[in-house]
Amino acid sequence: NSKVIQTPRYLVKGQGQKAKMRCIPEKGHPVVFWYQQNKNNEFKFLINFQNQEVLQQIDMTEKRFSAECPSNSPCSLEIQSSEAGDSALYLCASSSEVFFGKGTRLTVV
Amino acid sequence: GDSVTQMQGQVTLSEDDFLFINCTYSTTWYPTLFWYVQYPGEGPQLLLKVTTANNKGISRGFEATYDKGTTSFHLQKASVQESDSAVYYCVLADNNAGAKLTFGGGTRLTVRP
C-alpha cells in the first residue's frame, strides 16, 4: 500500500482565491510528481521534482501554479488564483514505482 | 508525442467471465509499460509493470504482455470478481525514475455478481 500522504482530501475555494495542497512522499523516494485528473478521468502532468529541484513542468504550472518540495517539509502545490477549470483531483506521486496518494479534490465555486 | 489508446471506455461482465482490455501505445523509444487500477475515492494503484519487450507482467490474476511488434499491452484476466470493478489505466513512461507518466483514457470495468 502506498504511503504517499496528501492533505487536505477536499478543498473548496472561490474563484480568484489561492488553493494550497500538500504531499508527503514515501520516505527514500527522491522524485515527486504532481498530476491533475479531471472529471473525464484524463490525467495531466503538472510538475516533478528530484531532491527539491524542478525536473519538468508544463506552461500552466509555470504561470498560475507554484510548487515546491523543500527538504524535511511536505511538498506543496499552490494555485495562485483559482479558476473554475481548476476543479479536479490533484494527485501526488513518488518514485520508483510511482506510488500515488489519494489526492486532493479541489472544487472552485 | 507519446500516446496511449484504450478503445474501450466501459466493460461490463459477470463474475467468472474472461476480461480483455485493449491497449496500444505510440512512442519513439522503448518505454516501460504499466497497468494502474483506480477505485472510487482512491488514487491510482500500480497493478503491474513490464520494462522489457516481449516480457509478461502478472499480478493478482491479471496479466499483460509487452508486444513491441504490435505496440500493444493488453490486459487480461481469466475470471473476474465483483471486487475487480474499477477503472483501469494503461500507462507508459521512459526508463528513468524522473520520467512522467502518459495515461490512456481509462476503461471502467463493472462486474455483476
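Parameters at a glance
- Every chain's residues receive numbers from 1 upward, in the order its sequence appears when written.
- Just so you know, chain letters begin at A and ligand numbers begin at 1, following the order they were written in.
- Local features are withheld for residues below a pLDDT of 70 in this predicted model, meaning they are given only at 70 or higher, and side-chain atom pairs are given and counted only at 80 or more; totals for whole chains, interfaces and linings count all residues.
- Side-chain numbers here rest on the full set of heavy atoms in the structure, without hydrogens or water.
- Secondary structure elements follow DSSP: runs of H or I no shorter than four residues count as helices, runs of E no shorter than two count as strands, and numbering proceeds from the N terminus.
- Throughout this description, buried means an accessible area under 20% of the type-specific maximum (1.4 Å probe, protein chains only), exposed means over 50%, and partly exposed covers the range between.
- Every residue pair with non-hydrogen atoms within 4.5 Å of one another is taken to be in contact.
- Any pair of N or O atoms that falls within 3.5 Å is considered a polar contact. Within protein, one atom must be able to donate a hydrogen and the other to accept it, and sequence-neighbouring residues count only if both atoms are side-chain atoms.
- Exposure above 30% relative accessible area and the absence of a salt bridge qualify a residue for a patch, where like charges join within 9 Å and nonpolar side chains (Val, Leu, Ile, Met, Phe, Trp, Tyr) within 5 Å.
- Per-residue and other accessible areas were derived by the Shrake-Rupley procedure at a 1.4 Å probe size, with only the shown protein chains allowed to occlude residues.
- Throughout this description, the term salt bridge denotes a Lys or Arg side-chain nitrogen within 4 Å of a carboxyl oxygen of Asp or Glu.
- Charge assignment: positive for Lys and Arg, negative for Asp and Glu; neither His nor the chain ends contribute.
- Where a charge lies is defined by one atom per residue type, namely NZ (Lys), CZ (Arg), CG (Asp) and CD (Glu).

A.B. asks: Tell me about the environment of Arg64(A), residues and numbers included.
C.D. replies: All names here are of chain A. Checked against the element boundaries, Arg64 lands in helix 1 (residues 59-64). We classify Arg64 as buried; its relative accessible area is 18%. In sequence terms Arg64 and Glu42 are 22 residues apart; their C-alpha atoms lie 20 Å from each other. Among residues more than four places away in sequence, those in contact with Arg64 are Glu78, Ile79, Gln80, Ser81, Glu83 and Asp86. In terms of polar contacts, Arg64 uses its side chain to reach the side chain of Asp86, at 2.7 Å.

A.B. asks: Can you break down a negative patch on the surface residue by residue, with the values?
C.D. replies: All names here are of chain B. The grouping of Glu15, Asp16, Asp17 and Glu82 at the surface amounts to a negative patch. Its location among the elements puts Asp16 in the loop between strand 2 (10-14) and strand 3 (19-21). On the accessibility criterion, Asp16 (53% relative accessible area) is exposed.

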